[in-house]
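Summary of the model geometry
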Amino acid sequence: MAVKIRLKRFGKKRAPFYRVVVMDSRTKRDGRAIEEIGKYHPTEEPSVIEIDSARAQYWLSVGAQPSEQVTALLKLTGDWDTFKGGKGESTVKVAEGKADAEAAIKAQADAAEKLKAEAAAAKEKAAAEAAAEAAAAEAPAEDAAEAPAEDA
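Residues numbered from 1 in each chain as written. Predicted model: local features only at pLDDT ≥ 70, side-chain atom pairs only at ≥ 80, totals over all residues. Heavy atoms only, no water.

Notes on the overall build of the protein
When helices and strands are tallied, the protein shows four helices and five strands. The secondary structure elements of the protein, listed N-terminal to C-terminal, are β-β-β-β-α-β-α-α-α. Classification of the 152 residues of the protein by burial places 24% in the buried group. A separation threshold of at least 6 residues defines the contact pool for the protein, and within that pool the share at least 24 residues apart is 30%. Element-wise, carbon and sulfur atoms account for 54% of the exposed surface of the protein, whose accessible area totals about 10900 Å². (Helix = DSSP H or I, 4+ residues; strand = E, 2+ residues; numbered from the N terminus. Buried < 20%, exposed > 50% of the residue type's maximum accessible area, 1.4 Å probe, protein only. Contact = heavy atoms within 4.5 Å. Areas by Shrake-Rupley, 256 points an atom, 1.4 Å probe, with all protein chains shown as cover.)

Looking at the packing of aromatic side chains
The geometry of an aromatic ring pair is captured by the separation of the ring centres together with the interplanar angle, meaning the angle of the planes. Counting across every chain of the model gives four aromatic pairs. Here tyrosine 18 and tyrosine 40 contribute two aromatic rings whose centre-to-centre distance is 6.1 Å and whose plane-to-plane angle is 20 degrees, an arrangement assigned as stacked. Highlighted residues: tyrosine 18 in strand 2 (residues 15-24) and tyrosine 40 in strand 3 (residues 35-41), separated in sequence by 22 residues. With a centroid separation of 5.2 Å and an interplanar angle of 75 degrees, the aromatic rings of tyrosine 58 and tryptophan 59 are classed as edge-to-face. According to the relative accessible area criterion, tyrosine 58 is partly exposed, its value standing at 38%. When the ring centre of phenylalanine 10 is taken as origin, the NZ or CZ atom of arginine 19, which lies over that ring, is 4.3 Å away. (Phe/Tyr/Trp six-rings, centres within 6.5 Å; stacked < 30°, edge-to-face > 60°. Lys NZ or Arg CZ within 6 Å of the ring centre and 35° of its normal.)

So, the sheet that holds strand 4 (residues 48-51)
The five strands are arranged 4-3-2-1-5 in an open sheet whose pairing can be described as mixed. This sheet does not close on itself; its edge strands, each paired only once, are strand 4 and strand 5 (65-66). Judged from the two bridges that link them, strand 1 (residues 3-12) and strand 5 form a sheet pairing that is parallel. Bridged to lysine 4 within strand 5 is glutamine 65. Set on the sheet, helix 1 (residues 53-61) makes contact with strand 1, strand 2, strand 3, strand 4 and strand 5; between it and strand 3 the angle comes to about 120 degrees. Where helix 2 (residues 68-77) meets the sheet, its contacts fall on strand 1, strand 2, strand 3, strand 4 and strand 5, and the angle it forms with strand 4 comes to roughly 85 degrees. (Pairing = 2+ DSSP bridges. Axes fitted to C-alpha atoms, helices over the stretch in contact; angles between N-to-C directions.)

Overview of the nonpolar core
Counting 18 residues, the largest nonpolar core has Ile5 and Val20 as the members making the most contacts within it. Elements that contribute at least two residues to this core include exactly strand 1, strand 2, strand 3, strand 4, helix 1 and helix 2. Beyond its immediate sequence surroundings of up to four residues, valine 20 is in contact with Ile5, Arg6, Leu7, Glu35, Glu36, Ile37, Gly38, Lys39, Ile51, Val70 and Leu73. (Core = buried A, V, L, I, M, F, W, Y, C linked by side-chain atoms within 4.5 Å.)

Here it is in structure tokens:
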């Protein structure tokens, strides 16, 4: 059985996106795949290219033949160079907005943790003040109870 690494098309007219899949060479383009190892969205700016490097290396090592388009994607991600024995440095551009969004999400999570810590500290402080007030209220009552006993 000849195994190919190729693109499986999804999306609508003029808005395609692809999955990088491992398939038998005799199956149709959008047929059943053996394994999905990545995705490619060419219409986004910059294009989204995500390929599971370990699985790509495995399939290349057992003899799977990539299509021309997948070979170009593997060269961009550095997986083709790694397969051929090089360092395999990625040249894929990452969207700046996405990195900023991830940083914003992390900042929100940090702010939420800080608020939780402040709320817990305020709760502990209020409980300590309430305990101190209760102790102060009991002390004069005890003194008043002891004072008449001393007079008698």
